[in-house]
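Here's the letter readout for the chains.
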Amino acid sequence: MGSPTSGNRVVWFDIPCLDLDRAIAFYSAVLGLEVAKHEESGFSMGLLPHEGDAVGGCLVALPDYSPSDSGILIYLNCNGRLDEAEAAVAGAGGAVLEPKHSIGPYGHRVLVRDSEGNRVALHSM
């Protein structure tokens, strides 16, 4: 096996959802950005905004995808607006599991359950 090269180890992620439109509304409200509904070849997804070589991801509603609050924990960037993101969670159909707290030199996070039942971290330096 070759040695690792520069770049991101994570290149994409899917966040499972039961109701795509509800999930798009939740993430748009919490992230303060438009999550665009994208359709291609009969498949719909909510595309999370990303630029350049940043890691991208989407919201997907597929029969074999099940939301979970016990799987991999994804940290979503809320730099500069973590308090606003935390405040938007409940109104957008989610729940704050752990309010804003320090994670030492790595900044701050808020653990939430999204509108679909997934546990995600909102992060800020």
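We now turn to the structure provided with this report. (Residues numbered from 1 in each chain as written. Predicted model: local features only at pLDDT ≥ 70, side-chain atom pairs only at ≥ 80, totals over all residues. Heavy atoms only, no water.)

1. Notes on unusual backbone geometry
Leave glycine aside and you will find that most residues have negative phi; peptide bonds, for their part, are mostly trans.
Then, in step 1: Not every positive phi belongs to a glycine, and Ser 41 is a case in point at roughly 50°.
Then, in step 2: Note that Ser 41 resides in the loop between β2 (36–40) and β3 (43–47).
Then, in step 3: Residue Ser 41 is classed as exposed on the basis of its relative accessible area of 76%. (Helix = DSSP H or I, 4+ residues; strand = E, 2+ residues; numbered from the N terminus. Buried < 20%, exposed > 50% of the residue type's maximum accessible area, 1.4 Å probe, protein only.)

2. A closer look at helix α2 (residues 82–89)
One full turn of an α-helix is made of 3.6 residues, so residues set three or four places apart face in the same direction.
Then, in step 1: Leu 82, Ala 85, Glu 86, Ala 88 and Val 89 are the residues of α2 that are buried. Mapping the buried residues of α2 onto a view down its axis gives an arc of 165°, with all of them on the same face.
Then, in step 2: Buried residues along α2 sit in contact with α1 (20–31), β6 (95–102), β7 (108–113) and β8 (119–124). (Arc of directions from axis to C-beta. Contact = heavy atoms within 4.5 Å.)

3. A short note on the sheet that holds β7
Then, in step 1: What the four strands build is an open sheet, ordered β5-β8-β7-β6; its pairing is mixed. The open sheet has two free edges, formed respectively by β5 (75–77) and β6, since each of these has just one partner strand. Sheet twist, expressed as the average angle between the axes of neighbouring strands with direction ignored, equals 25°.
Then, in step 2: Here β6 pairs with β7 via five bridges, running antiparallel. Bridge pairing links Val 96 to Val 112 in β7.
Then, in step 3: Against the sheet, α1 contacts β5, β7 and β8, and its axis sits at roughly 55° relative to β5.
Then, in step 4: Relative to β6, α2 is tilted by about 160°, and along the sheet it contacts β6, β7 and β8. (Pairing = 2+ DSSP bridges. Axes fitted to C-alpha atoms, helices over the stretch in contact; angles between N-to-C directions.)

4. Notes on the side chain of Glu 116
Then, in step 1: Mapped onto the secondary structure, Glu 116 falls in the loop between β7 and β8.
Then, in step 2: A polar atom in the side chain of Glu 116 sits 2.9 Å from the backbone nitrogen of Asp 19.
Then, in step 3: Contact partners of Glu 116, with chain neighbours within four places excluded, come to Pro 16, Cys 17, Leu 18, Asp 19, Arg 22, Ala 23 and Pro 67. (Polar contact = N/O pair within 3.5 Å; in protein donor to acceptor, adjacent residues only side chain to side chain.)

Note that all results are geometric; they support no functional claim without further evidence.
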